[in-house]
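Residue strings, one per chain:
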Amino acid sequence: MTKSFNTIESKGQDGITNADGRTLGKVYLVGAGPGAADLITVRGAKLLAKADVVLHDALVEPEMLALSPQAKLIAVGKRCGKLSSAQQFINKRLIDAAHQHQIIVRLKGGDPMLFGRADEEIQTLKAASVEVSVVPGITAALAGAASIQQSLTLRGISRSVAFVTLAQGTENVPEANSTAPISNPNADTLVYYMGRKDAARIAKQLIEQNTQGLSKHSVDTPVQILEAVSTPRERQWTSTLAELAAGKADTWFDSSSPALIMIGEALRDKTQSLENLERSSPKVDNGLQDSHILTNGRRRA
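Residues numbered from 1 in each chain as written. Predicted model: local features only at pLDDT ≥ 70, side-chain atom pairs only at ≥ 80, totals over all residues. Heavy atoms only, no water.

With that settled, consider the sheet that holds strand β12 (residues 259-263). Sheet strands pair by backbone hydrogen bonding; their relative direction is either parallel or antiparallel. Reading across from one edge, β8-β9-β12-β10-β11 is the order of the five strands in this open sheet, with mixed pairing throughout. The two strands at the open ends of the sheet, each matched to only one other strand, are β8 (161-165) and β11 (235-240). Between one strand and the next, the sheet's axes are offset by a mean angle of 15°, whatever the strand orientation. Relative to β11, strand β10 (residues 222-227) runs antiparallel, the two sharing six bridges. When the bridges of β11 are listed, leucine 226 appears paired with glutamine 236. Along the sheet, helix α5 (residues 140-148) contacts β8, β9 (189-193), β10, β11 and β12; its crossing angle with β12, the most-contacted strand, is approximately 70°. (Pairing = 2+ DSSP bridges. Helix = DSSP H or I, 4+ residues; strand = E, 2+ residues; numbered from the N terminus. Axes fitted to C-alpha atoms, helices over the stretch in contact; angles between N-to-C directions. Contact = heavy atoms within 4.5 Å.)

The next point concerns helix α1 (residues 42-50). Restricting attention to buried positions, one finds in α1 the residues Gly44, Leu47 and Leu48. Considered in projection along α1, the buried side chains sweep an arc of 100° and stay on one side of the axis. Facing away from the buried side of α1 by more than 90 degrees, the exposed set consists of Val42, Arg43 and Lys46. Of the surrounding elements, those touching the buried residues of α1 are β3 (26-31), β4 (53-56), α2 (62-65), β6 (103-108) and β7 (132-135). (Buried < 20%, exposed > 50% of the residue type's maximum accessible area, 1.4 Å probe, protein only. Arc of directions from axis to C-beta.)

The backbone of arginine 117 shows a phi angle near 55°, a positive value even though the residue is not glycine. Looking at the element boundaries, arginine 117 is found in the loop between β6 and α4 (118-127). For arginine 117, a relative accessible area of 23% gives the class partly exposed. You will see that serine 230, though not glycine, has its phi angle at about 75°, which is positive. Relative to the assigned elements, serine 230 resides in the loop between β10 and β11.

Now the structure itself:
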């Protein structure tokens, strides 16, 4: 007779045990980072090195999986427009693994707590009395900013950043209306995850909202698109919101690589940004400072 996971369980000194007296394993939701294997955290790498089983996203690089040669590797990734694992199925696989192994790593691209459906997995595991822990990772937006050496915030220009995704799971969610207006946050810098197929529509609506005074982003607002951030396959597309709205990036995209769309004045050419910053900064009276220098100079004399 097959036993349900809802059997009576207890927690002893060595962890949670089920009705058969077996200790349940612990699940670690680990952020793999943006792509490069050497950008995972030290804690994440140590867990991969001793994991019994690793359930990983589709976009995790082979070099990252090579950090866990002793583990059983199970692909449970989701890709837009491709055959993917249903979230409910992933949840069940995690519970099954906890009943069979001691160290289970759920390896997620970027950071588990950002667009990673971590909450669903955490709540499912807790409901099944499986211990769970989260190890953060570097999200793609920060790795992208580092790659192009452009800060997402800039004194006098950008004080707010919004991370946005238009992608959503289809399970228990009404079908999206492709013509419905996009809800764009009114932040100084916008970073869109998984926005490839909606890139031109995003730009058009931002420009339209700007004419209505509802958006900070106009036709000449800088746009940076990055694919496969931090990997040898990384590519960059640099232009303006008008060019993006005109579909100029549509043929540039590679559907096999994850794309990041960054929009905002903070991304403008550094020379122009510094000129704007100088104009926006208050003038500082250095007279007192100079007099101190003069006084010190006389004292040394």
